[in-house]
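Listed here are the chains, written in short residue letters.
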Amino acid sequence: MTERPVLAPEAEAREEVRRTETSRGRLVEGDPALPAAPASADAVEVGPPEVAHEEVLVLDFGGQYSQLIARRIRECGVYAELLPHDTGLELIRERAPRALVLSGGPASVYSDGAPALRRELLELGIPVLGICYGMQAMVRSLGGRVEAAEAGEFGRTELTLAGDGGRLLAGLPAEQQCWMSHRDSVFEPPPGFVPLAASPGSPVAACEQVERGLYGIQFHPEVVHTPYGTQVLDRFLREIAGCREGWSPASVITEQIASIRAQVGDAGVICGLSGGVDSATAAALVHRAIGDQLTCVLVDHGLMRKNEAEQVVEAMRELGVNLVHVEAQERFLDRLAGIDDPERKRKIIGEEFIRVFEEEAERLPDVGYLVQGTLYSDVIESGGDGRTADTIKSHHNVGGLPEDLGLDLVEPLRMLFKDEVRAVAAELGLSERVVWRQPFPGPGLGIRIVGGEVNAERLTILREADAILQEEIRAAGLYRDLWQSFCVLPVVRSVGVQGDGRTYAYPIVIRAVTSQDAMTADWARLPYDLLERVSSRIINEIPHVNRVTLDISSKPPATIEWE
Ligand code: XMP
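Going along each chain's sequence as written, the residues are numbered from 1 onward. Where totals are concerned, whole chains, interfaces and linings use all residues; where local detail is concerned, this predicted model gives features only for residues with pLDDT of at least 70, and gives and counts side-chain atom pairs only at 80 or more. In computing side-chain values, all of the structure's heavy atoms are included and hydrogens and water are not.

(A) Structural context of the overall build of the protein chain. Secondary structure elements are defined from DSSP: runs of H or I of at least 4 residues count as helices, runs of E of at least 2 residues count as strands, and each element is numbered from the N terminus. When you go through the protein chain residue by residue, the secondary structure sums to 16 helices and 22 strands. Any residue under 20% of the maximum accessible area for its type is buried, any over 50% is exposed, and the rest in between are partly exposed; the area is computed with a 1.4 Å probe on protein chains only. Buried positions account for 54% of the 563 residues belonging to the protein chain. The contact rule is simple, with two residues in contact once any of their heavy atoms fall within 4.5 Å. Sequence separation of at least 24 residues holds for 75% of the intrachain contacts in the protein chain that already meet a minimum separation of 6. The accessible surface values rely on the Shrake-Rupley method and a 1.4 Å probe; as for residues, cover is taken only from the protein chains in view. Here the protein chain displays about 24,000 Å² of accessible surface, and carbon together with sulfur accounts for 50% of that area.

As structure tokens, then:
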């Protein structure tokens, strides 16, 4: 990616605007002054946008791995998008995909209300790969025989090729493991199809009709327990559908730069930074596209992790992004005084955040757009077409920015999965700390002080304890393996003994989980010696703490956060 020499010297000379509050919570402007009117986007020099990428559409029949299919295809360097199984034919034709993939699904093709496969989808003149339910629906609609098997197949299953594996499975070992999850099986392929493989419970575990470009597999190539799964997908994409590799973080950046410029024109754009990778990446990308037309606002509510605000400021400064850093800690603390109830804490933090953000937005001239770090998983959680994606994201955003700000949304990460966002972030030059930051709730440490009010002393205790935990986890090389790791401060005190004296102090709870998507989570089996180090450091280094405990609950029934 080419750097932007035109903006760089100016950017280096610029400092972010910093505002601190007075003791009454009023914001006063610091030095230096607000940035001047946005510079023209014409000053930004980037290569011409690449030709739009080829794409594969994955039609979602409700399978638990449908998202994963799209991700695996993208990992093969081909752009894939997940759409509901009943997406209109017109829309599919307009998108002109190179191939279709029909996902698995929980239904039996015979059950009432089973998602139907429209025959027209098999007649678009492009290759179609049916996976699990997708294969069964294809087979059934073309006159093959699908029936309930004596026993279903769930989990690792032995797959045996029939002959050389045909076009789809060519080059695979004659015997291999695969991952199955089905009750019905294909007993006879449709007329004209060739069976390619079998497993103990699936007489036809794969089949194809090369002339019509129709392929089916009973197993799941997208899960890691199918060792040759990626090879099968790759073969389908390249040998059969003729897709070229064209999807990469660099191509996303180039495409998004063009589309952001086209969307916003000369208007001013504002972006709220949370400290997380999504908003930082969205900001960096928009900045690449429109330079000084973008102003970022970091509302520091005093509930962030140790050095978090500084790291974001630093990252943005290095990129030359206009930044308003609002230090509003006291303002938030004043409002949180005396509040024990977690829901009220959340609400207060959210409201105050919006208020501060709005005040900042109003100060900026000609702002027409708001950047949001909405991800593809948010879009598809909302039903695949993104109709309600913004609502979902706003819940999980810092405080949740209201839609009535009167600004149009710029969502440059809308097509990306989290791991792709990290790749784009790295490509854009964001630091390792920002790129790999674990998720952090918008209300921050405010919801990790439980059972009592949030005040400055408790925040200091929690922030310092959390910093020790993170430092030791990083030192042990475990940071990236954990979905989240953090400390919680329950507002209870108990007796201990330190030195010659009795103590009456707080406990700190260590919470560390592994997870794919935060919907479920398992407590992490941290090594004892690591726990030992963390415990003794927290107790020795932080006053007012005399106990460290470990949360060994999974989600469900617990949640990841305490509150
Ligand atoms: P729970 O605690 O429900 O959390 O298992 C699931 C994931 O969501 C994060 N979380 C939040 N994120 N605002 C956010 O931006 C919030 O109010 C919020 N509450 C929970 C949590 O950290 C975990 O990753």
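(B) Geometry of the packing of helix α7 (residues 277–290) against helix α13 (residues 418–427). Between N-to-C directions, angles cover 0 to 180 degrees, with each direction set by a line fitted to C-alpha atoms, over the stretch in contact for helices. The interhelical angle for the contact between α7 and α13, taken along N-to-C directions, is 50°, at an axis separation of 10 Å. What the angle tells us is that α7 and α13 run oblique. For the element pair α7 and α13, the recorded crossing hand is left-handed. Across the interface between the two elements, Val277, Asp278, Thr281 and Arg288 from α7 touch Lys418, Val421, Arg422, Val424, Ala425 and Glu427 from α13. When an angle is under 35 degrees it counts as roughly parallel; over 145 it counts as roughly antiparallel; between 65 and 115 it counts as roughly perpendicular; any other value is oblique. Throughout, a crossing is termed right-handed when the near helix is turned clockwise from the far one, and left-handed when it is turned anticlockwise from it by less than a right angle.

(C) Here's a closer look at helix α10 (residues 342–363). In this scheme, a helix's expected span is set at 1.5 Å multiplied by one less than its residue total. Here α10 is 22 residues long and its end C-alpha atoms lie 32 Å apart, about the 32 Å a rise of 1.5 Å per residue gives. Within the span of α10, buried status applies to Lys345, Ile348, Ile349, Gly350, Glu352, Phe353, Ile354, Val356, Phe357, Glu360 and Ala361.

(D) Quick look at the side chain of Arg331. Residue placement: Arg331 occurs in helix α9 (residues 329–336). Its relative accessible area of 10% is what places Arg331 among the buried residues. Among the polar contacts made by the side chain of Arg331, one reaches the side chain of Glu359 at a distance of 3.0 Å. Residues adjacent in sequence count toward polar contacts only when both atoms are side-chain atoms; beyond that, a polar contact is any pair of N or O atoms within 3.5 Å, and within protein one must be able to donate a hydrogen and the other to accept it.

(E) Examining the sheet that holds strand β10 (residues 202–209) more closely. Spatial strand order, β4-β3-β5-β6-β11-β10-β9-β7-β8: nine strands in an open sheet with mixed pairing. The open sheet is flanked by β4 (79–84) and β8 (175–188), the only strands paired with a single partner. Neighbouring strand axes in the sheet, compared pairwise and without regard to direction, differ in orientation by 25° on average. For two strands to pair, DSSP has to find at least two bridges joining them. Where strand β7 (residues 145–161) lies against strand β9 (residues 194–199), two bridges are found, and the strand directions are antiparallel. The residue of β9 that forms the bridge with Leu161 is Ala197.

(F) Expanded view of the packing of helix α15 (residues 456–475) against helix α16 (residues 528–541). Where α15 meets α16, the closest approach of the two axes is 10 Å, and the angle between their N-to-C directions is 150°. Overall, the two elements α15 and α16 adopt an arrangement that is roughly antiparallel. The handedness of the crossing between α15 and α16 comes out as right-handed. Where α15 abuts α16, its residues Ala465, Ile468, Leu469, Glu471, Glu472 and Ile473 lie against Leu530, Arg533, Val534, Arg537, Ile538 and Glu541.

(G) Layout of the pattern of salt bridges. In what follows, salt bridge is the name for a side-chain nitrogen of Lys or Arg lying within 4 Å of a carboxyl oxygen of Asp or Glu. Throughout the structure, instances matching the rule amount to 35 salt bridges. A salt bridge links Arg98 to Glu54; the nearest nitrogen and oxygen atoms lie 3.7 Å apart. Taken together, the residues Arg98 in the loop between α3 (89–95) and β5 (99–102) and Glu54 in the loop between β2 (27–29) and β3 (55–60) connect sequence positions 44 residues apart. Arg335 is the partner of Glu351 in a salt bridge, and the nearest nitrogen-oxygen pair spans 3.3 Å. Remark: Arg335 occurs in helix α9 and Glu351 occurs in helix α10; sequence separation between them is 16 residues. You can call Arg335 partly exposed: its relative accessible area is 30%. Salt bridges linked by common partners bring Arg331, Arg335, Lys347, Glu351, Glu352, Arg355 and Glu359 together as one network.

(H) Unusual backbone geometry, seen in detail. For the bond from Lys555 to Pro556, the omega torsion is -15°, close enough to zero to count as cis. Mapped onto the secondary structure, Pro556 falls in the segment after β22 (545–550). Even without a glycine there, the phi angle at Cys132 is positive, about 55°. Along the chain, Cys132 turns up in the loop between β6 (128–131) and α4 (133–141). Cys132 sits in the buried class, given a relative accessible area of 3%. Phi at Asn307 takes a positive value of approximately 65°, unusual for a residue other than glycine.

(I) Structural detail: the packing of aromatic side chains. The aromatic pairing rule takes the rings of Phe, Tyr and Trp, using the six-membered ring of Trp, and pairs them if the centres are within 6.5 Å, calling planes under 30 degrees apart stacked, those over 60 edge-to-face and the rest tilted. According to the stated counting rule, one finds five aromatic pairs in the structure shown. Pairing Tyr79 with Trp247 gives two aromatic rings, centres 4.5 Å apart and planes at 55°, and the pair type is tilted. Taken together, the residues span a long stretch of sequence, with Tyr79 in strand β4 and Trp247 in the loop between α5 (229–240) and α6 (249–264) at a distance of 168 residues. The two residues Tyr79 and Trp247 agree in class, both being buried. Relative to Phe417, the ring of Tyr376 lies with its centre 5.2 Å away and its plane at 85°, an arrangement referred to as edge-to-face.

(J) Expanded view of the environment of Arg71. Looking at the secondary structure, you find Arg71 in helix α2 (residues 66–75). As for Arg71 and Glu222, which are separated by 151 residues in sequence, their C-alpha atoms are 8.5 Å apart. Beyond its immediate stretch of four places on either side in the chain, Arg71 contacts Phe417 and Asp419. In terms of polar contacts, Arg71 uses its side chain to reach the side chain of Asp419, at 2.9 Å.

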